[in-house]
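# Coordinates in review
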Amino acid sequence: MTTWFFWLFAACYTVHLVWETALTLLNNAHIRKHAGEIPGYFRDKIEPERYRKAVSYNLEKARFGLVVRGYDVIVTWAILLSGVLETLDAWVGLSGILHSILYCGAVALALTLLRLPVSLYSHFVLEEKYGFNKMTAGTFVLDLLKGIALGAALGGPILVLVFWLYQKAGGLWWLWAFAAVYGFEFLMAAVYPTFLAPIFNTFTLLPDGSLKDAITALAKKIQFKMSGIFTIDGSRRSAHSNAYFAGMGRLRRIVLFDTLQKQLTEREILAVLGHEMGHNKLRHIQKMLVMGFVTSLASFWILSLLIGWEPLYAAFNAGAPAPHKALVIVSLFGSHFTFFLKIVTNALSRRYEYASDRFSVEVVGDKEAMASSLVALSRENLSNLTPHPLFSFYHYTHPTTLERVRAIQ
Ligand SMILES: [Zn+2]
């Protein structure tokens, strides 16, 4: 059963594993090296005790990450060597599209359950220890059940469509399937904040007052269209803070975490929102959508080539070729072949962050608030202030706080 493709996968997997582990260890060493002294710029802005807490939080999170990676190795190779991808076919034991859907659903459910211990430890031990977790066991269970129900309600029908197209649409089925999935994702991005996000959180209109006036004036100044400014009860789950824009066109909303309002001044919130509006005005979001379009199209094309390709099934011990197995194999293991592409997307994303910071400084006209908001967010979220350059180069979608503050000044 061991084909050359199996060995190719094993090689890619090993390179990926060694690379990620080495980066984590390198980064941890870098954090420890700087643990004794707060980096110059932050010295009068972050209390020593807070800094020490951030150091131990980041080290502990990284160590837990290593444990999780070890767990992933065991799960991956258990799936691969046990032949469960083939046995599952017999367990499901149906035929046609219904069989394919149940097969994919069983895999998704099994993965959710396998991730459960990781998620539990992360929320209720690690985040809890540093005062971030605000979630009760009840909220956790309810979130999990809602997530599964939503996944089945949205993912089920779209999968039915994909498998149906595979059967009926001939050689170019993948093009149709891509169009269906991409159109669906587009629709979701538009309606999610208004119709689905409220399943998990309560959205409240920002009350009248100086903050609302300032945000409205800013939006008007740069002709930013939106349907409203909302606050969200993020504090029900976590003390981490955030702000974002979601939705498209008339459904677009500004969403502020209630935690953000507690941690930042009004000037700082305005600077942060100026940054977020920048992503929109500078068409970053549209450009990312186009990139998503290309990757998604490529993925469907590759999937269409792989479905009938026997070495794939031999390598993953999956039995006879079938579209649902190909889909599962590509989703589970594909990233080990493509992980290095992250370098390109992250570099691009960091360029957008700089551009949006600049946009905010230009339209809001408040350099100090833009810089101090970033420092405040780092302090409150216990961010790593001293990542190893190679680590941030590979992993970070945002430049480090220090890099951004320097650029702003
Ligand atoms: Zn940004």
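Look up: the structure comes first, before these words.
Conventions we followed
- Residues numbered from 1 in each chain as written.
- Predicted model: local features only at pLDDT ≥ 70, side-chain atom pairs only at ≥ 80, totals over all residues.
- Heavy atoms only, no water.
- Donors = N, O, S within 2.8 Å, 3.2 Å for Na, K, Ca; no water.
- Tetrahedral: all angles 85-135°; square planar, octahedral: opposite > 155°, others 65-115°.
- Helix = DSSP H or I, 4+ residues; strand = E, 2+ residues; numbered from the N terminus.
- Buried < 20%, exposed > 50% of the residue type's maximum accessible area, 1.4 Å probe, protein only.
- Pairing = 2+ DSSP bridges.
- Salt bridge = Lys/Arg side-chain N within 4 Å of Asp/Glu carboxyl O.
- Contact = heavy atoms within 4.5 Å.
- Expected span 1.5 Å × (residues − 1).
- Axes fitted to C-alpha atoms, helices over the stretch in contact; angles between N-to-C directions.
- Parallel < 35°, antiparallel > 145°, perpendicular 65-115°, else oblique.
- Nonpolar A, V, L, I, M, F, W, Y, C, P; charged D, E, K, R; others polar.

## A closer look at the coordination of the zinc ion
The textbook angles at a metal center are 109.5 degrees for a tetrahedron of four donors and 90 or 180 degrees for an octahedron of six. Note on the zinc ion: its protein donors are H275 (NE2), H279 (NE2), E353 (OE) and E353 (OE). The metal-donor distances range over 2.0 to 2.8 Å. Because the angles between the four donor atoms bound to the zinc ion fall within 51 to 133 degrees, the donor set is best described as irregular. Considered as a linear motif, the donors of the zinc ion on their single chain read H-x3-H-x73-E. Placement of the pair is H275 in helix α9 (residues 266-281) and E353 in helix α14 (residues 342-364), with a sequence separation of 78 residues. For the pair H275 and E353, one class covers both residues: buried.

## Re the pairing of strand β4 (residues 253-257)
Successive residues of a regular strand alternate their side chains across the two faces of the sheet. Counting buried residues in β4 gives five out of five residues, a clear majority hidden from the surface. Side chains R253, V255 and F257 project from β4 onto one buried face, and the interleaved I254 and L256 project onto a second face that is buried too. Strand direction decides the pairing type here: strand β2 (residues 228-232) and β4, joined by five bridges, are parallel. When the bridges of β4 are listed, I232 appears paired with F257. Direction of pairing for strand β3 (residues 243-246) relative to β4: antiparallel, over a ladder of four bridges. For Y244, the partnering residue across the bridge sits in β4 and is V255.

## A closer look at the pattern of salt bridges
Applying the stated rule across the entire model yields 13 salt bridges. Notably, a salt bridge pairs D366 with R267, separated by 2.8 Å at the nearest N-O pair. Taken together, the residues D366 in the loop between α14 and α15 (367-380) and R267 in helix α9 connect sequence positions 99 residues apart.

## Let's talk about the side chain of T386
Along the chain, T386 falls in the loop between α15 and α16 (389-395). Among the residues examined, T386 registers a relative accessible area of 8% and is labelled buried. Apart from residues lying up to four places away in sequence, T386 is in contact with H30, I31, H34, P39 and Y51.

## Details of α9
An ideal rise of 1.5 Å per residue puts 22 Å on 16 residues; α9 measures up with 22 Å between its terminal C-alpha atoms. Most of α9 is tucked away: 13 of the 16 residues are buried. Directly after α9, the chain includes R283, whose backbone phi takes a positive value near 65 degrees.

## Some details on the environment of L161
Here L161 is to be found in helix α5 (residues 137-168). Through-space distance from the C-alpha of L161 to that of I97 is 9.2 Å; in sequence the pair is 64 residues apart.

## As for the packing of helix α2 (residues 48-82) against helix α4 (residues 96-129)
Here α2 crosses α4 at 170 degrees, and the two axes come no closer than 12 Å. Regarding the angle of α2 to α4, the classification is roughly antiparallel. Together, Y57, E60, K61, F64, V68, Y71, D72 and V75 of α2 and L114, R115, P117, V118, Y121, S122, L126, E127 and K129 of α4 make up the contact between the two elements. Here the contact of α2 with α4 is built from residues that sort into 10 nonpolar, one polar and six charged.

## Re the sheet that holds β2
With mixed pairing, four strands are arranged side by side in an open sheet as β1-β2-β4-β3. Pairing within the sheet leaves two strands with one partner each, and these edge strands are β1 (203-205) and β3. With direction set aside, neighbouring strand axes in the sheet form an average angle of 30 degrees.

## Things to note about unusual backbone geometry
At Q223, a residue that is not glycine, the phi angle is positive and equals roughly 55 degrees. When you line up the elements, Q223 lands in the loop between α7 (210-221) and β2. Classification of Q223 by relative accessible area gives exposed; the value is 62%. Backbone geometry at R283 places phi at a positive 65 degrees, although glycine is not the residue there. Here R283 lies in the loop between α9 and α10 (284-306).

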